[in-house]
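Coordinate analysis (summary)
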Amino acid sequence: MVVRRRRKSRKLRGRTRTMGWGRIGQHRKSGSRGGVGAAGMHKHMWTWVIKYAPTWFGKRGFNPPRIRAGYRPRTINLRDLAELAFKLKASGEAKEEDGKIVIDLAAMGIHKLLGEGKINVPVKVRVPMASESAIKKIQEAGGVVEVLLAKEEESK
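Only a predicted model underlies this, so the values are computations on that prediction, with no experimental measurement involved.

Our focus in this paragraph is the sheet that holds strand β7 (residues 144-147). Read from one edge of the open sheet, four strands run β2-β3-β5-β7, paired in mixed fashion. A strand with exactly one partner marks an edge of an open sheet, and here the two such strands are β2 (95-97) and β7. The mean inter-strand angle of the sheet, taken between neighbouring strand axes irrespective of direction, is 25°. Summarising the sheet, β2 and strand β3 (residues 100-104) pair through three bridges and their orientation is antiparallel. Its bridge partner lying in β3, Glu 96 is registered against Ile 101. Of the strands in this sheet, β2, β3 and β5 (123-127) touch helix α4 (residues 78-91), which is tilted by about 105° from β3. Packing against the sheet, helix α5 (residues 132-140) makes contact with β5 and β7, and its axis sits at approximately 145° to β7.

Okay, structure coming up:
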C-alpha cells in the first residue's frame, strides 16, 4: 500500500480552501489552462513549440500539382493485363479481332498501362496512356496498343 499520510495535500486539508495557491481561486478555473487546442502557439506557448514541436509552423519541400489536386491516374501492369485477358476470354466477355484479344482499358476506367512483367498473349489494347516499355513488350508478343491521348493530340 502506498503511504499517503505525508503528502502535502494531506497537510493542507482543513487549513485553507485554496490549498496553498494564494487568494482568489488561483489554479482553480480554466484561466490557468492557457487556451484551448493550439491557442497561444505563437504567444505564451512559443517556448514549448521550439522545444517539442519545431516543425509545427512553416512549409518545406514541394508537392507536384497533380498529387495536391488529388489526381492519381489508375494504372495497370502487363502481368495484370495478361491475367485480365485470360479471365475475359474464359468468361466469354472478350472479343477477338485477327486472333488478338481486345481489351478496352479506357472503358474500365484505367488511365495508363505500365510495362512491369511479361505478356505472351497477343492482345489489342485501347488505353489513354501507355509507357514505351509496355508498348514494346506487347508488340513483341504480337499485339497492338491504341494510345487514345496520342490520337487526340494528333487531331488538334
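Before going further, it helps to examine the pattern of salt bridges. Pairs can form between side chains of opposite charge once their charged atoms are near each other. A complete count under the given rule lists six salt bridges for this structure. Here Glu 146 ties to Arg 126 by a salt bridge, and the two come within 3.0 Å at their closest N and O atoms. A residue pair is termed long-range when its members are at least 10 positions apart, and Glu 146 in strand β7 and Arg 126 in strand β5 qualify at 20 residues. Because the salt bridges share partners, they merge into one network encompassing Glu 97, Asp 104, Lys 124, Arg 126 and Glu 146.

Under the relative-accessibility criterion, Glu 146 is labelled buried at 15%. Among the polar contacts listed, one links the side chain of Glu 146 to the side chain of Arg 126, at a separation of 3.0 Å.

Turning our attention to the confidence of the model for the protein chain. On average, residues of the protein chain score 86 in pLDDT, and 91% of them reach the 70 mark or higher. Across the protein chain, the secondary-structure element scoring lowest on mean pLDDT is helix α3 (residues 65-68), at 62, and the one scoring highest is helix α2 (residues 46-52), at 95.

This brings us to the environment of Arg 74. Position of Arg 74 among the secondary structure elements: in the loop between α3 and β1 (75-77). C-alpha of Arg 74 to C-alpha of Ile 110: the two residues are 36 residues apart in sequence and 5.0 Å apart in space. Contact partners of Arg 74, with chain neighbours within four places excluded, come to Met 108, Gly 109, Ile 110, His 111 and Lys 112.

Together, Trp 46, Trp 48, Ile 50, Tyr 52, Trp 56 and Phe 57 make up a nonpolar patch on the protein surface, roughly 630 Å² of accessible area in all. Following the sequence through the fold, Trp 56 ends up in the loop between α2 and α3.

A surface patch of positive charge is lined by Arg 5, Arg 6, Lys 11 and Arg 15. Along the polypeptide, Arg 15 turns up in the loop between α1 (8-12) and α2.

On to the sheet that holds β1. Pairing is parallel across the open sheet formed by three strands, whose spatial order is β1-β4-β6. Each having just a single partner strand, β1 and β6 (129-130) make up the two edges of the open sheet. As paired elements, β1 and strand β4 (residues 112-114) share three bridges and run parallel to each other. Bridge assignment links Asn 77 to a residue of β4, and that residue is Leu 114. Together, β1 and β4 form the strand contacts of α4, whose direction differs from that of β1 by roughly 85°.

Reading guide: rules and limits
- Residues numbered from 1 in each chain as written.
- Predicted model: local features only at pLDDT ≥ 70, side-chain atom pairs only at ≥ 80, totals over all residues.
- Heavy atoms only, no water.
- Pairing = 2+ DSSP bridges.
- Helix = DSSP H or I, 4+ residues; strand = E, 2+ residues; numbered from the N terminus.
- Axes fitted to C-alpha atoms, helices over the stretch in contact; angles between N-to-C directions.
- Contact = heavy atoms within 4.5 Å.
- Salt bridge = Lys/Arg side-chain N within 4 Å of Asp/Glu carboxyl O.
- Buried < 20%, exposed > 50% of the residue type's maximum accessible area, 1.4 Å probe, protein only.
- Polar contact = N/O pair within 3.5 Å; in protein donor to acceptor, adjacent residues only side chain to side chain.
- pLDDT = per-residue confidence, 0-100.
- Patch = residues over 30% accessible without salt bridge, like charges linked within 9 Å, V, L, I, M, F, W, Y side chains within 5 Å.
- Areas by Shrake-Rupley, 256 points an atom, 1.4 Å probe, with all protein chains shown as cover.
- Lys, Arg positive; Asp, Glu negative; His and termini not counted.
- Charge placed at Lys NZ, Arg CZ, Asp CG, Glu CD.

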